[in-house]
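# Coordinates in review
Listed here are the chains, written in short residue letters.
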Amino acid sequence: MPYEWTTRVDPDQTSLTLRPYRSLPLRGFVLFIAATALMLLLPLLILVGTALLWGILPFIILVVSGTWWAFRRNYRDGALTETLTLSAERMTLVRRTPDGAEQHWEANPYWVAVKLYPTGGPVQQYLTLKGDGREVELGRFLTEAERQRLAGDLRQRLAALR
C-alpha cells in the first residue's frame, strides 16, 4: 500500500505517509539491466572480429544506457513523499519533492474539509484538503480507488477528532 497510518509517541497524534508505489525494487532494476545487456550482447558473439560488430555495438550501448537512464529517472521521481500529521489542535501536510524542496500546509482540523472531485481535476477522483483559506491536493500519484479509500479514512479520522 502506498500510504500508511502510524501513531506517534503522543497517542492523540497520528501520521499519514504517502509515497508513489514502486513495483520494481533497486535489486530488480540491477538484474533487469544486466539481463538486458546480456541478451543484447549474446547475439554479437558471432560478430566478434568483424567490422559489423563496431557498427552495431554503439546502438546496443545506446539502448542499455537509455533504459538505465529511464529507470533511474523513474526512481528519482518516485522519491516524492507527503506526510500528513493529524492531532486535535493542528493538521499539517508536508510535501517533499524529489529535489528536496518542501511545501507546508497547516490548518485547524475542525475546519478542514476533505474534498473528492470525481471529474474536473487533473486526475479522476481528485483528492484535496480545504482549510485555513487554502485548498491543497493530496496523493495525486495514488490510484482512483486508493484516493477514494483515503478520503473515507480521512473523513472518519477528522470526525473522530471533532
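Since this is a predicted model, take the numbers as computed values, not measurements.

Judged by pairing direction, the sheet is antiparallel, and its three strands sit side by side in the order β6-β7-β8 without closing on themselves. Among the strands making up the open sheet, the edge pair consists of β6 (113–117) and β8 (134–137). The sheet shows a mean angle of 30 degrees between the axes of neighbouring strands, taken without regard to direction.

Let us now look at the packing of aromatic side chains. Under the definition given, this model contains five aromatic pairs. Ring plane angle 50 degrees and centroid distance 5.3 Å describe the contact between F32 and F71, whose orientation is recorded as tilted. Note that F32 is positioned in helix α1 (residues 26–41) and F71 in helix α2 (residues 51–77), a separation of 39 residues in sequence. With relative accessibility at 24%, the residue F71 sits in the partly exposed group. Within the aromatic cluster, the residues linked to one another by ring pairs are F29, F32, F71 and Y75.

On to the pairing of strand β7 (residues 126–131), then. Counting buried positions along β7 yields five of six residues, so the element is predominantly enclosed. Examined bridge by bridge, β6 and β7 share five bridges and lie antiparallel to one another. Considered in β7, the bridge of Y117 is made with Y126. In this structure, β7 lies alongside β8, joined through four bridges in antiparallel fashion. Bridging across to β8, T128 finds its partner in E137.

This part takes up the environment of L154. By the secondary structure assignment, L154 is in helix α3 (residues 144–161). Measuring from C-alpha to C-alpha, the distance between L154 and A113 comes to 9.5 Å, with 41 residues separating the pair along the chain. In contact with L154, not counting residues within four places along its chain, are W5, L84, M91, V114, L129 and L138.

Quick look at α3 now. With 18 residues, α3 extends 26 Å from end C-alpha to end C-alpha; this agrees with the ideal 26 Å at 1.5 Å per step. Those residues of α3 that fall on the buried side of the exposure criterion are E146, R147, L150, A151, L154 and L158. Each buried residue of α3 lies within a common arc of 135 degrees when the element is viewed along its axis, so the set occupies one face. Seen from the buried face of α3, the exposed residues on the opposite side, beyond 90 degrees, are Q156 and A160.

Reading the values: rules and limits
- Residues numbered from 1 in each chain as written.
- Predicted model: local features only at pLDDT ≥ 70, side-chain atom pairs only at ≥ 80, totals over all residues.
- Heavy atoms only, no water.
- Pairing = 2+ DSSP bridges.
- Helix = DSSP H or I, 4+ residues; strand = E, 2+ residues; numbered from the N terminus.
- Axes fitted to C-alpha atoms, helices over the stretch in contact; angles between N-to-C directions.
- Phe/Tyr/Trp six-rings, centres within 6.5 Å; stacked < 30°, edge-to-face > 60°.
- Buried < 20%, exposed > 50% of the residue type's maximum accessible area, 1.4 Å probe, protein only.
- Contact = heavy atoms within 4.5 Å.
- Expected span 1.5 Å × (residues − 1).
- Arc of directions from axis to C-beta.

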